[in-house]
Amino acid sequence: MNSFESFIQKELDAIKRKNRYRSLRLPSGIDLSSNDYLCLSKNPKVISALKEGLDIYGAGSGASRLIRGHRDIFERVESKFAAWVGSETSLFLSNGFAANLGLVDALSDQRTIIFTDRLNHASILDGIRISGAVKKYYNHRDINHLRELLQKSDSKSRKIIVSETVFSMDGDLAFVAELTQLKKEFDACLILDEAHALGVFGEKGAGVARMTSSANFILSDIDFRVYTGGKSLGLEGAFIACSDTYKEYLINTMRTFIFSTAPMPAIAFALQASIDLAKQMEQERIQILENANLLRNGLRELGLETLHSKSQIVPVVLYDEEKALETARLLQEKGFDIRAIRPPTVKESRLRISINANTSREDVLKVLDCLK
Ligand SMILES: Cc1ncc(COP(=O)(O)O)c(C=O)c1O
């Protein structure tokens with residue numbers, strides 16, 4: 001072992017001592033941990049569209065989209081996606097991490113102030129970090145705190161507000177109408193990450209912004225909305241929904257778009273099938289949210305903490321890392337694929353249970369019984 005490797009070994013040992021060691025585990029048992037909320041990754045229509053896409057377009061795209069990697073299917077899926085979520089256009093990328101990181105970086109420099117919800121995803125935080133922008137955390141979903149920070153900031157600096165709409169670990173929802181109000185009041189740019197909302201919330205599953213858009217804002221008040229293809233749509237990729245001007249700017253400046261091989265065209269082709277299916281899955285959306293409610297109510301009756309979850313994502317906060325690991329292990333032995341989530345991903349160790357279209361009422365009752 002060379003000296004650098006032994007340094008790394010010590011770091012690993014420290015992670016183990018803190019009970020934060022992670023290892024890969026294959027899926028097994030009833031899925032209560034994936035983000036495949038509509039179970040489209042196993043849908044025969046999506047799978048056959050993917051195969052057909054491979055036959056039409058071949059495997060890889062061979063270059064970045066600005067070189068030889070561009071295909072007509074990317075533009076078609078971008079238009080289809082934009083029509084679904086109600087934006088002028090959209091930009092298709094390889095994954096949500098690259099979308100958030102590249103977007104935040106492209107919009108910011110050292111003079112920009114970014115107001116970020118304390119629980120926003122790592123890809124957003126990394127985007128802020130590499131852009132060199134000034135980061136201002138506001139307390140989770142705390143609109144008054146955000147307003148205070150905006151009031152205190154230099155009125156001449158460029159401002160960006162960024163929030164998830166359904167938070168990936170707490171399963172609660174952002175106050176989208178209020179964020180939009182503040183954005184207008186302080187002349188800021190607003191970015192919403194709809195990764196966990198797509199397919200589950202909003203008209204035809206088009207996300208939280210589409211759910212509240214009848215309220216006091218119009219969709220074009222939200223400058224950018226980020227969606228992923230790897231969660232409810234059952235594939236991979238990401239879309240940034242925005243105006244034509246913004247898209248033109250991103251194509252010219254966004255480093256994760258410019259300096260990366262274009263996604264496989266077959267993915268874009270299959271995403272069209274996923275979008276068509278997701279739009280129609282109203283019954284599944286109702287069932288997912290009913291089962292999540294059943295689970296939350298049962299957990300509360302057991303005296304367990306579920307925070308402000310209102311979505312398909314239900315945290316069971318256990319605080320203690322070992323307890324979270326042990327509880328997940330016991331549930332896995334009973335046949336449920338439920339995972340423990342620990343620091344540094346979250347502050348309080350917990351189980352993160354996610355309900356999907358295949359989750360039955362009986363599954364929920366069995367999990368509650370085990371936890372009892
Ligand atoms: C809120 C949020 N945004 C973005 C991402 C990244 O998306 P992807 O998995 O497509 O890279 C995730 C995924 O884990 C997420 O939870």
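Up top you'll find the structure we're talking about.
What counts, and at which threshold
- Residues numbered from 1 in each chain as written.
- Predicted model: local features only at pLDDT ≥ 70, side-chain atom pairs only at ≥ 80, totals over all residues.
- Heavy atoms only, no water.
- Helix = DSSP H or I, 4+ residues; strand = E, 2+ residues; numbered from the N terminus.
- Rg over C-alpha atoms; globule rule 2.2 N^0.38 Å.
- Buried < 20%, exposed > 50% of the residue type's maximum accessible area, 1.4 Å probe, protein only.
- Contact = heavy atoms within 4.5 Å.
- Areas by Shrake-Rupley, 256 points an atom, 1.4 Å probe, with all protein chains shown as cover.
- Lys, Arg positive; Asp, Glu negative; His and termini not counted.
- Charge placed at Lys NZ, Arg CZ, Asp CG, Glu CD.
- Core = buried A, V, L, I, M, F, W, Y, C linked by side-chain atoms within 4.5 Å.
- Domains from an automatic or database assignment.
- Near = heavy atom within 4 Å.
- Polar contact = N/O pair within 3.5 Å; in protein donor to acceptor, adjacent residues only side chain to side chain.
- Nonpolar A, V, L, I, M, F, W, Y, C, P; charged D, E, K, R; others polar.

**Q** Quick rundown of the overall build of the chain? Include the residues and the values.
**A** Counting its regular elements, the chain contains 14 helices and 12 strands. For the chain, whose C-alpha radius of gyration is 21 Å, the value lies close to the compact-globule estimate of 21 Å for 372 residues. Reported as C-alpha extents along the three principal axes, the dimensions of the chain are approximately 60 × 55 × 55 Å. Across the 372 residues in the chain, those meeting the buried criterion constitute 53%. Within the chain, contacts between residues separated by at least 24 positions form 71% of all contacts whose residues are at least 6 apart in sequence. Summing over all exposed atoms, the chain offers an accessible surface of approximately 17,500 Å²; the carbon and sulfur share of this is 51%. Counting 50 positive and 48 negative side-chain charges, the chain places the averaged centre of each group 2 Å from the other.

**Q** Mind laying out the nonpolar core, listing which residues take part and the relevant values?
**A** Core analysis: the largest hydrophobic core is formed by 82 residues, its most contacted members being Phe81, Ile161, Leu179 and Leu295. Residues lining this core come from more than one domain, with at least three contributed by each of domain 1 (44–279) and domain 2 (282–371). Core analysis: the next-biggest nonpolar cluster, separate from the first, contains 25 residues, Ala106, Ile124, Leu125 and Ile240 among them.

**Q** Please set out the site of the ligand residue by residue, giving values where relevant.
**A** Near the ligand, the surroundings consist of 13 residues, among which Gly96, Phe97, Asp193, His196 and Lys231 are the closest. One of the side-chain N or O atoms of His121 is found 3.4 Å from an oxygen atom in the ligand. At a separation of 2.7 Å, an oxygen atom of the ligand approaches a polar side-chain atom of His196. For the ligand, whose accessible area on its own is 390 Å², the fraction buried by protein is 80%. Take the shell around the ligand: its biggest share by element is 3 residues, from helix H4 (residues 96–107). By residue class, the composition of the shell around the ligand is 2 nonpolar, 8 polar and 3 charged.

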